[in-house]
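Here is how the chains run, residue by residue.
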Amino acid sequence: MTDRLPAASPTVVRLTAYTKTDQTEILGAGADPFGVADAGLTWLPKKDHFGIRQKDRLVAHAGLLQLPMMIGGVSTQVVGVGGVAVAPDLRGQGLARSVVSAALDHARTLGPEFGLLFCRPPLVTLYRRLGWRTLEGDVQVDQPEGPVIMPLQTMWTPLRDSTWPTGQVRLLSLPM
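Residues numbered from 1 in each chain as written. Predicted model: local features only at pLDDT ≥ 70, side-chain atom pairs only at ≥ 80, totals over all residues. Heavy atoms only, no water.

The next thing to look at is the nonpolar core. If you look at the biggest cluster of nonpolar residues, it comprises 33 residues, and the most contacted ones within it are Val-100, Tyr-127 and Trp-132. A total of seven residues in this core trace back to one element, the largest contributor, which is helix α2 (residues 95–107). One finds Leu-67, Val-78, Leu-116 and Trp-164 within the second-largest nonpolar core, a separate group that totals 20 residues. (Core = buried A, V, L, I, M, F, W, Y, C linked by side-chain atoms within 4.5 Å. Buried < 20%, exposed > 50% of the residue type's maximum accessible area, 1.4 Å probe, protein only. Helix = DSSP H or I, 4+ residues; strand = E, 2+ residues; numbered from the N terminus.)

Pasting the structure below:
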């Protein structure tokens, strides 16, 4: 019997850009690669991008964008995490953990106290395993026609030693 050595953590790199072609390389060319088209939302592109390449193929991505928010009537900033993608044939290997962790390491250098993401209900368990917490209550987000209630699950994570404040939550921009 041989002992299996733990797999080495994949190397995460900062990407200078992230294009539709990159997304297709990871997720394929489906019409709704993130499964959120039925939410009817307009999304912002991310500013900072992190990825994992294996054998010259981009296989995972996470993006970040700093955004204005109101929580309990107080203006603040959050770092939105979005565009998290792992190639379907490589899921379950810790790539999401690696790429999201690297993105959050960078987010901690930006100043805001919290990371924020929106996800479909089947992904809540994954993000909880990564240390994210469910935000209870409605969250308003801007859309071209005006503010709407976010139909997806909102999750947050502390970027510092912080607790999420109480009060109504409104993202003062399109979601990320």
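This brings us to the packing of aromatic side chains. This model, assessed by the stated rule, comprises four aromatic pairs. Here the aromatic rings of Phe-114 and Trp-164 are separated by 4.9 Å at their centres, their planes lie at 55°, and the arrangement is tilted. Separated by 50 residues along the polypeptide, Phe-114 in strand β5 (residues 114–119) and Trp-164 in the loop between β9 (153–158) and β10 (169–171) bring together distant segments of the chain. Taking relative accessible area as the criterion, Phe-114 reaches 4% and is therefore assigned buried. For Trp-164, a relative accessible area of 10% translates into the label buried. Ring centres of Trp-156 and Trp-164 lie 5.6 Å apart, and the angle between their planes is 45°; on these two criteria the pair is classed as tilted. A single burial state applies to Trp-156 and to Trp-164, both of which are buried. (Phe/Tyr/Trp six-rings, centres within 6.5 Å; stacked < 30°, edge-to-face > 60°.)

Geometric descriptors of this kind do not, in isolation, establish any biological role.
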